[in-house]
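# Commentary on secondary and tertiary structure
Single-letter residue listing:
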Amino acid sequence: MKENLKILFSVALLSILIAISSVFIGVYGYRDGVLLNIFSEWEIFAYNFALLFFVLWILTYALKSLRWSFFIVSVLVNSGAFVNYVKIFYRQEPFMARDFKIVMEAFNMSQKYDLNLNSANGYIFIGSIVVSFVIFLMLKKVHYRYDHRILKVVLPSLVFAFFLKEYVFDSATYKKLGEKSGLSPWVEVECFQSKGFIYPFTYSIKNSMPYKYKNFNKREAQKLYGRYKREEIPEDKKINLVVVMLESFKDFYKLQNEKLQFTSNPYEYFYQLKEEGISGNLLVNSFGGGTFLTETNVISGYKHTPIFNRTTQCYPQYFKENGYETLGFHPYIGSFYNRNNIYPNMGFDEFYEFDKTFKDLYEYPPMDNLLYYFMNERFNSSKDPKFMFAVTFQNHGPYPTDKLLYEEPYVLWQEGYDIDDYNYFNNYLNGISESSNSLKILIDNLRASDEPTLFVAFGDHSPSMGKNNSISKMFGLNDSNAELEGIYNLYETPYLIWANDKCKEVLGRDFLGEGRDLEPIFLMSDVFKYIGYPGSEYNQYLQDFSKDVSIMKETFFRIRGEYTHNPSERDKKAIEEFKNFEYYVSNLKIKKAK
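In what follows, the accompanying structure is described. (Residues numbered from 1 in each chain as written. Predicted model: local features only at pLDDT ≥ 70, side-chain atom pairs only at ≥ 80, totals over all residues. Heavy atoms only, no water.)

### A closer look at the overall build of the chain
Secondary structure assignment for the chain yields 23 helices and eleven strands. Against the globule reference of 25 Å for 594 residues, the chain gives a C-alpha radius of gyration of 26 Å, in line with a compact fold. Seen along its three principal axes, the alpha-carbon backbone of the chain occupies a region of about 85 × 65 × 50 Å. Of all 594 residues assigned to the chain, the portion counted as buried reaches 58%. Counting contacts in the chain only where the partners sit at least 6 residues apart, residues at least 24 apart contribute 77% of the total. As presented, the chain carries roughly 26500 Å² of accessible surface, and 56% of it is formed by carbon and sulfur atoms. Of note, the chain has its 66 positive side-chain charges centred 11 Å away from the centre of its 70 negative side-chain charges. (Helix = DSSP H or I, 4+ residues; strand = E, 2+ residues; numbered from the N terminus. Rg over C-alpha atoms; globule rule 2.2 N^0.38 Å. Buried < 20%, exposed > 50% of the residue type's maximum accessible area, 1.4 Å probe, protein only. Contact = heavy atoms within 4.5 Å. Areas by Shrake-Rupley, 256 points an atom, 1.4 Å probe, with all protein chains shown as cover. Lys, Arg positive; Asp, Glu negative; His and termini not counted. Charge placed at Lys NZ, Arg CZ, Asp CG, Glu CD.)

Laid out in structure tokens, this is it:
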């Protein structure tokens with residue numbers, strides 16, 4: 001008993017130490033009063049401590065070594081807390097369990113950024129590693145007895161599992177804790193920040209498993225599915241559809257104010273195309289990154305995307321089943337976000353990426369102009385109807401801060417600007433100008449083509465806006481997740497729908513006007529509506545559902561033109577019906593088209 005108490009007391013002390021260091025590393029400096037509240041609202045710190053206590057207790061007996069268990073847990077937790085700090089600093093997103101799915105991609109991207117080790121958080125992180133190593137050496141002199149190890153691993157594991165299920169993963173408790181911090185429980189990043197690191201990170205495991213709608217009712221979904229009848233594309237109405245997702249493409253020109261004055265318009269050609277087509281805005285689900293989320297939202301129509309590990313009903317699959325060539329393009333490596341394996345399951349016949357295609361043509365991933373020349377060659381090589389989808393790479397951050405890459409800046413210098421942030425943003429806009437102008441290569445080819453073709457372009461997300469969103473603050477742009485203006489400044493990207501003359505002739509439509517503000521999953525269903533294609537059962541359902549609900553976040557909605565955090569009971573029922581139907585359709589077993 002004495003030996004057991006000795007070990008548990010040591011485990012408790014070491015868990016407190018790790019809990020405190022992880023809080024300071026991951027939360028310190030985010031908001032005034034937040035750090036203090038984590039300790040004063042005692043349940044928050046208790047949850048962080050308890051999680052570490054159970055893990056360290058179980059691992060100590062499993063490894064038969066307190067010192068190794070402590071060192072492993074301390075390094076992993078404090079490293080995770082620092083990753084959390086850096087991720088929020090650059091992308092206004094916390095580090096979550098789901099990020100392990102793209103760990104290699106994240107590692108590659110991290111090498112391009114300053115990890116900010118000279119910050120207070122960085123110093124505490126480095127100090128925590130040093131202290132952990134010193135304690136590791138000191139514990140070598142302390143001897144413990146690890147009798148009855150199996151029992152002492154199994155019993156706390158059972159208690160730990162109960163604690164996770166009943167307390168840590170309880171949504172109501174998670175939302176409630178941290179309210180006194182002043183941060184919003186409805187904004188994911190703020191909800192996370194108010195609770196330390198290890199507790200909210202562990203809670204995020206709940207949302208990192210393959211998505212499953214918890215109230216799934218197969219019979220109701222089948223009944224709803226039966227109300228719609230899939231319609232194929234008539235031969236005389238088949239058009240080509242060319243879709244391009246533009247990297248970090250956000251319209252800052254329209255956000256000018258006293259603190260943000262442009263000397264010229266880097267979006268000039270894009271604006272010209274807007275006058276010739278239909279244009280609107282998406283409200284995407286990530287900031288400063290998350291390309292693949294917007295990408296899959298748009299081309300699948302699913303908000304809660306499946307893992308695409310088998311043939312899945314998506315827009316490329318629908319076109320493929322209608323006799324189209326379905327072609328995907330991305331200048332970077334195809335293993336990024338596992339596109340090599342996912343694209344075929346979404347219905348793409350061919351996927352052109354760096355390793356298999358572009359490295360034989362270019363030394364580096366091609367910029368937009370070279371990508372578009374390649375796409376034109378592929379477009380012109382066949383008269384068969386085509387669905388082409390491209391993800392650009394050119395304007396991927398980070399952007400240089402030491403100097404401007406060209407002579408004339410796009411933003412007028414003002415007193416009080418930070419020179420590094422000023423250079424960073426102007427270099428970003430230079431990339432925007434090149435991306436916008438390069439579209440002319442595609443459009444000129446489509447304009448001259450005698451094949452009816454519709455072109456769609458949209459931005460995937462905003463660029464990162466500097467450390468702790470410093471660029472937004474410098475330019476007087478509201479960046480509050482709790483205010484409508486701030487939400488739009490962070491998450492709005494433009495979209496464009498443009499048709500060549502032959503397309504207008506075949507479909508009898510002018511394709512001019514203003515489009516709706518949309519959740520990304522509704523973009524393609526709106527495109528189908530403009531074209532006049534009823535499409536699949538799911539597309540028809542999206543067209544009906546989005547007549548009322550056009551923007552749908554976890555806690556923020558646009559319903560019949562009005563923004564709300566609290567939908568009516570009728571609308572809540574419709575949203576739950578959407579989740580049920582979406583889950584059913586996204587998991588339908590379908591045969592691969594030959």
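### Thoughts on a nonpolar patch on the surface
On the surface, a cluster of nonpolar side chains totalling about 500 Å² of accessible area is made up of Leu-115, Leu-117, Ile-126, Val-130, Val-134 and Met-138. If you trace the backbone, Leu-115 turns up in the loop between helix H5 (103-110) and helix H6 (120-138). Judged by relative accessible area, Leu-115 falls into the partly exposed class, the value being 35%. (Patch = residues over 30% accessible without salt bridge, like charges linked within 9 Å, V, L, I, M, F, W, Y side chains within 5 Å. Salt bridge = Lys/Arg side-chain N within 4 Å of Asp/Glu carboxyl O.)

### Overview of the packing of aromatic side chains
Centre distance and the angle of the planes are the two values used to describe a pair of aromatic rings. Here the structure, examined in full by the defined rule, presents 68 aromatic pairs. On the numbers, 5.0 Å between centres and 75° between planes, the contact of Phe-216 with Tyr-583 is edge-to-face. Note that Phe-216 is positioned in the loop between helix H10 (198-203) and helix H11 (218-225) and Tyr-583 in helix H23 (residues 569-586), a separation of 367 residues in sequence. Among the residues examined, Phe-216 registers a relative accessible area of 30% and is labelled partly exposed. For Tyr-583, a relative accessible area of 12% gives the class buried. Ring centres 5.8 Å apart and planes at 55° place the aromatic pair Tyr-318 and Phe-528 in the tilted group. (Phe/Tyr/Trp six-rings, centres within 6.5 Å; stacked < 30°, edge-to-face > 60°.)

### Regarding the pattern of salt bridges
With the rule as written, the count across this model stands at 27 salt bridges. Two residues, Glu-519 and Lys-553, come together in a salt bridge whose shortest N-O distance is 3.0 Å. With Glu-519 in the loop between strand E8 (513-518) and helix H21 (523-531) and Lys-553 in the loop between strand E9 (549-552) and strand E10 (557-559), this residue pair connects regions lying 34 residues apart in the sequence. By sharing partners, the salt bridges in this structure join Lys-383, Lys-386, Asp-450 and Glu-451 into a single network.

### Things to note about the nonpolar core
With 126 residues, the main nonpolar core has Met-375, Phe-389, Phe-425, Leu-454 and Phe-455 as its most contacted residues. Here the element with the most residues in this core is helix H17 (residues 419-448); it accounts for eleven residues. Among all residues touching Met-375, those that are not within four sequence positions of it are Val-242, Val-244, Phe-329, Met-388, Ala-390 and Leu-442. (Core = buried A, V, L, I, M, F, W, Y, C linked by side-chain atoms within 4.5 Å.)

### Concerning the sheet that holds E10
The antiparallel open sheet is built from three strands, whose spatial order is E9-E10-E11. Looking at the sheet topology across the chains shown, the edges are occupied by E9 and strand E11 (562-564). Pairwise comparison of adjacent strand axes, ignoring direction, gives a mean angle of 20° for this sheet. Note that E9 and E10 share three bridges and pair antiparallel. (Pairing = 2+ DSSP bridges. Axes fitted to C-alpha atoms, helices over the stretch in contact; angles between N-to-C directions.)

### Let's talk about helix H3 (residues 42-63)
Helix length check: H3, at 22 residues, gives a terminal C-alpha distance of 31 Å against a target of 32 Å (1.5 Å per residue), a fit within 8%. Phi for Lys-64, located one or two positions after H3, is positive at around 60°. (Expected span 1.5 Å × (residues − 1).)

### Some points on helix H13 (residues 291-300)
Burial of H13 is extensive: nine of the ten residues sit out of reach of the surface. Inspection of H13 places Thr-291, Phe-292, Thr-294, Glu-295, Thr-296, Asn-297, Val-298, Ile-299 and Ser-300 among the buried residues, and these make up the whole buried set. Just downstream of H13, Gly-301 is the residue with a positive phi angle, here 85°.

### A short note on the pairing of strand E1 (residues 240-246)
A large share of E1 lies buried, amounting to seven of its seven residues. Here E1 shows no split at all, with Asn-240, Val-242, Val-244 and Leu-246 on one side and Leu-241, Val-243 and Met-245 on the other all buried. Of the pairings in the sheet, the one linking E1 to strand E5 (residues 386-391) comprises five bridges and is parallel in character. Note that in E5 the partner of Val-242 across the bridge is Met-388.

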